[in-house]
Amino acid sequence: MNNQKQQKPTLSGQRFKTRKRDEKERFDPTQFQDCIIQGLTETGTDLEAVAKFLDASGAKLDYRRYAETLFDILVAGGMLAPGGTLADDMMRTDVCVFAAQEDLETMQAFAQVFNKLIRRYKYLEKGFEDEVKKLLLFLKGFSESERNKLAMLTGVLLANGTLNASILNSLYNENLVKEGVSAAFAVKLFKSWINEKDINAVAASLRKVSIDNRLMELFPANKQSVEHFTKYFTEAGLKELSEYVRNQQTIGARKELQKELQEQMSRGDPFKDIILYVKEKKKK
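For clarity, every value in this text was computed on a predicted model and none was experimentally measured. (Residues numbered from 1 in each chain as written. Predicted model: local features only at pLDDT ≥ 70, side-chain atom pairs only at ≥ 80, totals over all residues. Heavy atoms only, no water.)

Student: Would you explain the overall build of the protein in this entry?
Tutor: The secondary structure content of the protein amounts to 13 helices and 0 strands. Listed by position from the N terminus, the elements making up the protein come as α-α-α-α-α-α-α-α-α-α-α-α-α. Per-residue burial for the protein yields a buried fraction of 41% across its 284 residues. For the protein, the proportion of contacts with a sequence separation of at least 24, taken over those separated by at least 6, is 66%. If you sum the accessible surface of the protein, you get close to 16,700 Å²; carbon and sulfur atoms cover 49% of it. (Helix = DSSP H or I, 4+ residues; strand = E, 2+ residues; numbered from the N terminus. Buried < 20%, exposed > 50% of the residue type's maximum accessible area, 1.4 Å probe, protein only. Contact = heavy atoms within 4.5 Å. Areas by Shrake-Rupley, 256 points an atom, 1.4 Å probe, with all protein chains shown as cover.)

Below, the structure is given as structure tokens:
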């Protein structure tokens, strides 16, 4: 009994030591940010040098723990506060997507930086996907030019497989849809994506994540029609996407008609009623 009582202070002491060790390794994204920004300042806007710096720094800095901070810096130039704003009292860099030129070629070059980084440190893949989902929810906090750059970059990354199309679910946020941000962003994104791949490859990626039949939800409920969708995207230069959605709707309507006909016939509905139903559906 006495031996057991003497063990208790020892066990308590061990737990205390563990807490002390954890305290020394406290989460400190600011220090991590300063290290990354200092390195980017030295590399300048040479994206080859940036990629090499990031590759080498992964051996010294804790990318796994500070993935969100790392990607915030590479996209926006510094850590993002809720809503998508940069804190005034934080260090920032112009070596980032938002400070770059607004053209597809530049975004393709930045996409290569992310590709190389994630290929080198595979564990960053999930963190990067979460980062892009977050950035899409922050779209209202970015300028139009920043949104355009992010859209082009995302399209390229979707095309080369760095990102999964499931990240597009963030665009169905009610506020983004209501204010037209989702549809405008989608135009730039799909242009970039289709430029890298064709519409068939894009459609296959959308089908894998069950978004192929949800594209009209990029618009508010009162504008979710094939006519509005095709007019909007055709005028934006995406006729192939408009035709794809129209075809999807036709296929969906045909399947719905087949199912209803089977049910009517199994119920033994009058043949004249079935014919009338088919004629009405055909007009619609």
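On we go from here.
Student: Looking at this structure, how should I read the packing of aromatic side chains?
Tutor: By the definition in use, this model includes 14 aromatic pairs. Between Phe 32 and Tyr 63 the ring centres are 6.2 Å apart and the planes differ by 80 degrees, which places this aromatic pair in the edge-to-face class. Linking Phe 32 in helix 2 (residues 29-43) with Tyr 63 in the loop between helix 3 (47-57) and helix 4 (67-76), this pair joins segments that are 31 residues apart in sequence. Under the relative-accessibility criterion, Phe 32 is labelled buried at 3%. For Tyr 63, a relative accessible area of 0% translates into the label buried. Summarising the aromatic geometry, the rings of Phe 219 and Phe 229 are spaced 6.0 Å apart at their centres and angled 85 degrees between planes, so their arrangement reads as edge-to-face. (Phe/Tyr/Trp six-rings, centres within 6.5 Å; stacked < 30°, edge-to-face > 60°.)

Student: Looking at this structure, how should I read unusual backbone geometry?
Tutor: Outside of glycine, negative phi angles account for most residues, and trans bonds account for most peptide bonds. The phi torsion at Ser 210 lies on the positive side, around 60 degrees, for a residue other than glycine. Residue Ser 210 is classed as exposed on the basis of its relative accessible area of 52%.

Student: Whenever I open this one, the nonpolar core confuses me. Can you help?
Tutor: Nonpolar side chains in soluble globular proteins generally cluster together in the buried interior. Phe 190, Trp 193 and Leu 215 are the most contacted members of the largest nonpolar core, which has 80 residues in total. Ranked by residue count, the leading element in this core is helix 9 (residues 181-196), at 9 residues. No fewer than three residues from each of domain 1 (29-224) and domain 2 (225-283) sit in this core. Ignoring anything within four residues of it in the chain, the contact list for Leu 215 reads Tyr 172, Phe 190, Leu 206, Phe 229, Leu 241, Tyr 244 and Val 245. (Core = buried A, V, L, I, M, F, W, Y, C linked by side-chain atoms within 4.5 Å. Domains from an automatic or database assignment.)

Student: Explain the environment of Cys 96 to me, please; I cannot follow it from the model alone.
Tutor: Examined against the element boundaries, Cys 96 turns out to sit in the loop between helix 4 and helix 5 (104-120). Taking C-alpha positions, Cys 96 is 9.8 Å from Leu 47, a pair spaced 49 residues apart along the chain. When residues no more than four places from it in sequence are discounted, the contact partners of Cys 96 are Ile 73, Leu 74, Val 75, Ala 76, Gly 77 and Phe 110.

Student: Looking at this structure, how should I read the packing of helix 5 against helix 7 (residues 144-159)?
Tutor: The relative placement of two packed helices comes down to the angle between their axes together with the axis-to-axis distance. Between helix 5 and helix 7, the least distance of the axes is 9 Å, while the angle of their chain directions is 55 degrees. As summarised for this structure, helix 5 and helix 7 are arranged oblique, according to the angle between their axes. Of the two elements, helix 5 crosses helix 7, and the hand of that crossing is right-handed. Residue-level contacts link Leu 104, Met 107, Gln 108, Phe 110, Ala 111, Phe 114 and Asn 115 of helix 5 to Lys 149, Met 152, Leu 153, Val 156 and Leu 157 of helix 7. (Axes fitted to C-alpha atoms, helices over the stretch in contact; angles between N-to-C directions. Parallel < 35°, antiparallel > 145°, perpendicular 65-115°, else oblique. Left-handed = near helix turned anticlockwise from the far one by under 90°.)

Student: I would appreciate a short explanation of the pattern of salt bridges in the present structure.
Tutor: Proximity of charged atoms lets side chains of opposite charge pair with each other. One pass over the full model with this rule turns up 11 salt bridges. The residue Glu 235 makes a salt bridge to Lys 231 at a minimum N-O spacing of 3.0 Å. One end of the pair is Glu 235 and the other is Lys 231, both in helix 11 (residues 226-235) and 4 residues apart, which spans about a single turn. By the burial criterion, Glu 235 is exposed, and Lys 231 matches it. (Salt bridge = Lys/Arg side-chain N within 4 Å of Asp/Glu carboxyl O.)

Student: Explanation requested: helix 2 in the structure shown.
Tutor: The α-helix advances 3.6 residues per turn, and as a result positions three or four apart in sequence lie on the same side. Taking 1.5 Å of rise per residue, the 15 residues of helix 2 would be expected to cover 21 Å, and the 21 Å separating its terminal C-alpha atoms lies within 8% of that figure. Taken as a whole, helix 2 has its buried residues at Pro 29, Phe 32, Gln 33, Ile 36, Ile 37, Gly 39, Leu 40 and Thr 43. Projected onto a plane normal to the axis of helix 2, the buried residues spread over an arc of 160 degrees and lie on a single side. Exposed side chains of helix 2 directed beyond 90 degrees from the buried face belong to Gln 31, Thr 41 and Glu 42. The secondary structure elements touched by the buried residues of helix 2 are helix 3 and helix 4. Gly 44, located one to two residues past helix 2, shows a positive phi value of around 75 degrees. (Expected span 1.5 Å × (residues − 1). Arc of directions from axis to C-beta.)

Student: What is the right way to read the environment of Asp 55 from this model?
Tutor: By the secondary structure assignment, Asp 55 is in helix 3. In this structure the C-alpha to C-alpha distance between Asp 55 and Val 113, which are 58 residues apart in sequence, comes to 9.7 Å. Here Asp 55 is in contact with Arg 120 and Tyr 121, once residues within four sequence places are set aside.

Student: Help me understand helix 10 (residues 199-208) in this model?
Tutor: Those residues of helix 10 that sit buried are Ile 199, Val 202, Ala 203 and Leu 206. The buried residues of helix 10 occupy an angular sector of 100 degrees when the element is viewed end-on, so they sit on one face. Turned more than 90 degrees off the buried face of helix 10, the exposed positions are Asn 200 and Lys 208.

As far as function goes, none of this settles anything; it's purely spatial.
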